[in-house]
Amino acid sequence: MIELMVDVRYLEPIAMVCLCVCFMDGVISEEEEEALFFELSEYFSIGKAEFEDLVNKFFESNVKLKTAAENISENEIRKLALSIAKVSAEADGLDSRENIAWQKIQKIWGLEK
């Protein structure tokens, strides 16, 4: 397996997009958290404590989907964020609201298929 490390400056923006998608059903499940941590750790050197800090920051900031999406401008990073968001949201079964949010981000970014 080839491991691709992504610049750490993208960690928080990607995490926020993913957390926004996962939270669209009103909860971020343990399965979603575990999947998101696993996916992020594939691309970033991130420990569990740092991940928990990001989750806490998400809840404290009340970040909105559109705002989170606007913080990523590079298409390759956007595609990565979409991929991680989908895997994470699917971890406990993809809720229709999560799917709509995921599609909305695709549209915002002009990456509809």
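The shown structure was predicted, so the numbers you read here are calculated from the model rather than taken from an experiment. (Residues numbered from 1 in each chain as written. Predicted model: local features only at pLDDT ≥ 70, side-chain atom pairs only at ≥ 80, totals over all residues. Heavy atoms only, no water.)

### Some thoughts on the packing of aromatic side chains
Alright, step 1. Counted by the stated rule, this structure contains four aromatic pairs.
Alright, step 2. When the centroid spacing of 5.3 Å and the interplanar angle of 85 degrees are considered together, the rings of Phe 23 and Phe 59 count as edge-to-face. Here Phe 59 lies in helix H3 (residues 48-61) and Phe 23 lies in the loop between helix H1 (11-22) and helix H2 (30-43), a separation of 36 residues in the sequence.
Alright, step 3. On the basis of relative accessibility, which here comes to 32%, the residue Phe 23 falls in the partly exposed class.
Alright, step 4. Judged by its relative accessible area of 42%, Phe 59 is partly exposed.
Alright, step 5. Aromatic side chains Phe 58 and Phe 59 sit 5.1 Å apart centroid to centroid with 70 degrees between the ring planes, which places their arrangement in the edge-to-face category.
Alright, step 6. Residue classification places Phe 58 among the buried residues on the basis of a relative accessible area of 4%. (Phe/Tyr/Trp six-rings, centres within 6.5 Å; stacked < 30°, edge-to-face > 60°. Helix = DSSP H or I, 4+ residues; strand = E, 2+ residues; numbered from the N terminus. Buried < 20%, exposed > 50% of the residue type's maximum accessible area, 1.4 Å probe, protein only.)

### Concerning the pattern of salt bridges
Alright, step 1. One pass over the full model with this rule turns up five salt bridges.
Alright, step 2. Two residues, Lys 66 and Glu 70, come together in a salt bridge whose shortest N-O distance is 3.4 Å. Here Glu 70 and Lys 66 lie together in helix H4 (residues 65-70), a separation of four residues that amounts to about one turn.
Alright, step 3. Assessed through its relative accessible area of 48%, Lys 66 is described here as partly exposed. (Salt bridge = Lys/Arg side-chain N within 4 Å of Asp/Glu carboxyl O.)

### Focus: H1
Residues three or four positions apart in an α-helix share a direction because the helix packs 3.6 residues into each turn.
Alright, step 1. Helix length check: H1 (12 residues) gives 16 Å between terminal C-alpha atoms against 16 Å at 1.5 Å per residue, within 8%.
Alright, step 2. In terms of residue burial, H1 counts as a mostly covered element, since 11 of its 12 residues are buried.
Alright, step 3. Listed in full, the buried residues belonging to H1 are Leu 11, Pro 13, Ile 14, Ala 15, Met 16, Val 17, Cys 18, Leu 19, Cys 20, Val 21 and Cys 22.
Alright, step 4. In this structure, the buried side of H1 is in contact with H2, H3, H4, helix H5 (75-90) and helix H6 (96-109). (Expected span 1.5 Å × (residues − 1). Contact = heavy atoms within 4.5 Å.)

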